[in-house]
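The residues making up each chain are set out below.
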Amino acid sequence: MLQMVVPPKGLEPAELVSSSCSLKKMLQCSCSFHGVPAPYVRWWLKGDVIGIDNPQVTSTILAPWSNTTISLTEMPEMGSHLLCEGKNEYGNHAMNIILMSIKSPLATQSFINGLFQGLVYGVIATSLLFLCLTPCIMSHIRKTLSKIIAVIKAERSPSEPIMALNPEEPEKSTIMPSSGSKSMNTLS
């Protein structure tokens, strides 16, 4: 049965404020608690308490804050539970961390399978997108080229007709009389 004790005015139950874990050369996890009075903090690994006198644990209490860090030089086995707990007489708060070993062949294989699957899906999606957009791109290119050709044709003035004359042939002109005249003259 969960029993909640309401602290007197000015006192507060222990509360987890922040937590973090990092893995470089060793696994290092930190927890920060707030409470009045300052919470007592401890770590649990696989259900066993890791004492504060352990060199792997560093704790600092600056009331109303309690900070603790654990540094594990050896990675615990996959699926191990690491628990960070802060407690005072008005309540306790904890964070449970499930550890996954990067040395585990199962974790590595799952990661590689997921990575490969993601790459395949990415290539498929990109190819489908390209195939769907190709008609739009080609249509845009055709429209742009037709506009450019229309502009070039419009820039040519009517005073410069396009003539295809052979320089070897003499030019022949035909003069058409006005509608009132019935004869037609051709000059050579």
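As recorded in an unreviewed UniProt entry, the chain goes by the name SIGLEC family-like protein 1, listed as coming from Cnephaeus nilssonii. According to the UniProt record, the Subcellular location (unreviewed entry) comment for the chain is "Membrane".

On to the overall build of the chain, then. Assigned secondary structure in the chain consists of 1 helix and 10 strands. Walking the chain from its N terminus toward its C terminus, one meets helices and strands in the order β-β-β-β-β-β-β-β-α-β-β. Taken across its 188 residues, the chain has 18% of its residues classed as buried. In the chain, the proportion of contacts linking residues at least 24 apart, taken out of those at least 6 apart, comes to 54%. With the model as given, the accessible surface of the chain reaches about 14,800 Å², and the carbon-plus-sulfur share is 63%.

Glancing now at the state of the cysteines. Under the counting rule described, the total for this entry stands at 2 disulfides. One disulfide in the model links Cys-21 with Cys-29; its S-S distance is 2.1 Å. Disulfide Cys-21-Cys-29: the torsion about the S-S bond is 115 degrees, which places it as right-handed. Classification of Cys-29 as buried rests on a relative accessible area of 0%.

Okay, the sheet that holds strand S3 (residues 40-45) next. To summarise the sheet geometry, strands pair through backbone hydrogen bonds and adopt either a parallel or an antiparallel arrangement. The strand order across the open sheet formed by 4 strands is S4-S3-S7-S8, and the pairing between neighbours is antiparallel. Only two strands of the sheet have a single partner each, and these edge strands are strand S4 (48-50) and strand S8 (91-98). Pairs of neighbouring strands in the sheet enclose a mean axial angle of 30 degrees, with direction left out of account.

This part takes up the pattern of salt bridges. Across all of its chains, the model carries 1 salt bridge by this definition. Among the salt bridges present, the one from Glu-85 reaches Arg-42, with a minimum N-O distance of 2.8 Å. In this pair, Glu-85 sits in strand S7 (residues 81-88) while Arg-42 sits in strand S3, placing the two residues 43 residues apart along the sequence. For Glu-85, a relative accessible area of 9% gives the class buried.

Cys-29, Cys-31, Trp-43, Ile-70 and Leu-82 are the most contacted members of the largest nonpolar core, which totals 17 residues. Among the elements of the structure, strand S2 (27-36), S3, strand S6 (65-72), S7 and S8 are those that each provide at least two residues to this core. Take this core: its biggest share by element is 4 residues, from S2.

Bringing the side chain of Glu-85 into the picture now. Among the polar contacts listed, one links the side chain of Glu-85 to the side chain of Arg-42, at a separation of 2.8 Å. Within the structure, the side chain of Glu-85 is placed 3.3 Å from the side chain of Asn-92, a separation counted as a polar contact. Beyond its immediate stretch of four places on either side in the chain, Glu-85 contacts Phe-33, Tyr-40, Val-41, Arg-42, Trp-44, Asn-92, His-93 and Ala-94.

Attention now goes to the side chain of Thr-68. Following the sequence through the fold, Thr-68 ends up in strand S6. Judged by its relative accessible area of 1%, Thr-68 falls in the buried class. In this structure the side chain of Thr-68 is engaged in a polar contact, spanning 3.5 Å, whose partner is the backbone oxygen of Thr-58. At a separation of 3.2 Å, a polar atom in the side chain of Thr-68 contacts the side chain of Ser-59. For Thr-68, the residues in contact, after removing those within four places along its chain, are Cys-29, Ser-30, Cys-31, Val-41, Trp-43, Val-57, Thr-58, Ser-59 and Cys-84.

Cut-offs and rules
- Residues numbered from 1 in each chain as written.
- Predicted model: local features only at pLDDT ≥ 70, side-chain atom pairs only at ≥ 80, totals over all residues.
- Heavy atoms only, no water.
- UniProt positions renumbered as here; feature names shortened; annotations may be inferred.
- Helix = DSSP H or I, 4+ residues; strand = E, 2+ residues; numbered from the N terminus.
- Buried < 20%, exposed > 50% of the residue type's maximum accessible area, 1.4 Å probe, protein only.
- Contact = heavy atoms within 4.5 Å.
- Areas by Shrake-Rupley, 256 points an atom, 1.4 Å probe, with all protein chains shown as cover.
- Disulfide = S-S within 2.5 Å.
- Pairing = 2+ DSSP bridges.
- Axes fitted to C-alpha atoms, helices over the stretch in contact; angles between N-to-C directions.
- Salt bridge = Lys/Arg side-chain N within 4 Å of Asp/Glu carboxyl O.
- Core = buried A, V, L, I, M, F, W, Y, C linked by side-chain atoms within 4.5 Å.
- Polar contact = N/O pair within 3.5 Å; in protein donor to acceptor, adjacent residues only side chain to side chain.

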